[in-house]
Amino acid sequence: MSSATYRLTQTHRRLDDAIAQELRRRLPDSLKLLRLKRLRLAVKDRLTALMRKQPR
């Protein structure tokens, strides 16, 4: 696993945690959730692109 892949995986995990934490709130902020989910999707897309480029 390259360092870029590792960093993106860690970022994705942190975003997952932030989303879960926001959902546990009594009144979750829907705009914050939307922003976090979009960021998580962007990270996932970059991670997928990196994995496709790596030789097996």
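Structural data are supplied above this passage.
Participant: Sorry, what's going on with the overall build of the protein here?
Facilitator: Helix and strand counts for the protein come out as two helices and zero strands. A compact globule built from 56 residues should have a C-alpha radius of gyration of about 10 Å, whereas the protein, at 13 Å, is more than 25% larger. Overall size of the protein, expressed as C-alpha extent along the three principal axes, is 45 × 15 × 10 Å. Residue burial in the protein is summarised as follows: out of 56 residues, 18% are buried. The contacts in the protein between residues at least 6 apart in sequence include a share of 63% that link residues at least 24 apart. Of the roughly 4,800 Å² of accessible surface on the protein, 54% is carried by carbon and sulfur atoms. Side chains of the protein carry 16 positive and 5 negative charges; the gap between the two charge centres is 5 Å.

Participant: Is there a simple way to explain helix 1 (residues 3–24) in this structure?
Facilitator: Here helix 1 is 22 residues long and its end C-alpha atoms lie 32 Å apart, about the 32 Å a rise of 1.5 Å per residue gives. Residues of helix 1 that are buried sit in contact with helix 2 (30–53).

Participant: Can you help me understand the side chain of Thr5 in this one?
Facilitator: Considering the arrangement of structural elements, one finds Thr5 in helix 1. Only 2.9 Å separates the side chain of Thr5 from the side chain of Ser2, close enough to count as a polar contact. For Thr5, the residues in contact, after removing those within four places along its chain, are Leu47, Leu50, Met51 and Gln54.

Participant: Could you clarify how one ought to interpret the packing of helix 1 against helix 2 in this entry?
Facilitator: To characterise two packed helices, one gives the angle between the axes of the helices and the distance between these axes. At a closest axis distance of 9 Å, the pairing of helix 1 and helix 2 adopts a crossing angle of 160°. For the element pair helix 1 / helix 2, the angle class is roughly antiparallel. Seen along the crossing, helix 1 lies across helix 2 with a hand that is left-handed. Of the residues in helix 2, those touching helix 1 at Ala4, Thr5, Leu8, Thr9, Thr11, His12, Leu15, Asp16, Ala18, Ile19, Glu22 and Leu23 are Lys32, Leu33, Leu36, Lys37, Leu39, Arg40, Val43, Lys44, Arg46, Leu47, Leu50 and Met51. Across the contact of helix 1 with helix 2, the residue classes tally to 13 nonpolar, four polar and seven charged.

Conventions and cut-offs
Residues numbered from 1 in each chain as written. Predicted model: local features only at pLDDT ≥ 70, side-chain atom pairs only at ≥ 80, totals over all residues. Heavy atoms only, no water. Helix = DSSP H or I, 4+ residues; strand = E, 2+ residues; numbered from the N terminus. Rg over C-alpha atoms; globule rule 2.2 N^0.38 Å. Buried < 20%, exposed > 50% of the residue type's maximum accessible area, 1.4 Å probe, protein only. Contact = heavy atoms within 4.5 Å. Areas by Shrake-Rupley, 256 points an atom, 1.4 Å probe, with all protein chains shown as cover. Lys, Arg positive; Asp, Glu negative; His and termini not counted. Charge placed at Lys NZ, Arg CZ, Asp CG, Glu CD. Expected span 1.5 Å × (residues − 1). Polar contact = N/O pair within 3.5 Å; in protein donor to acceptor, adjacent residues only side chain to side chain. Axes fitted to C-alpha atoms, helices over the stretch in contact; angles between N-to-C directions. Parallel < 35°, antiparallel > 145°, perpendicular 65-115°, else oblique. Left-handed = near helix turned anticlockwise from the far one by under 90°. Nonpolar A, V, L, I, M, F, W, Y, C, P; charged D, E, K, R; others polar.

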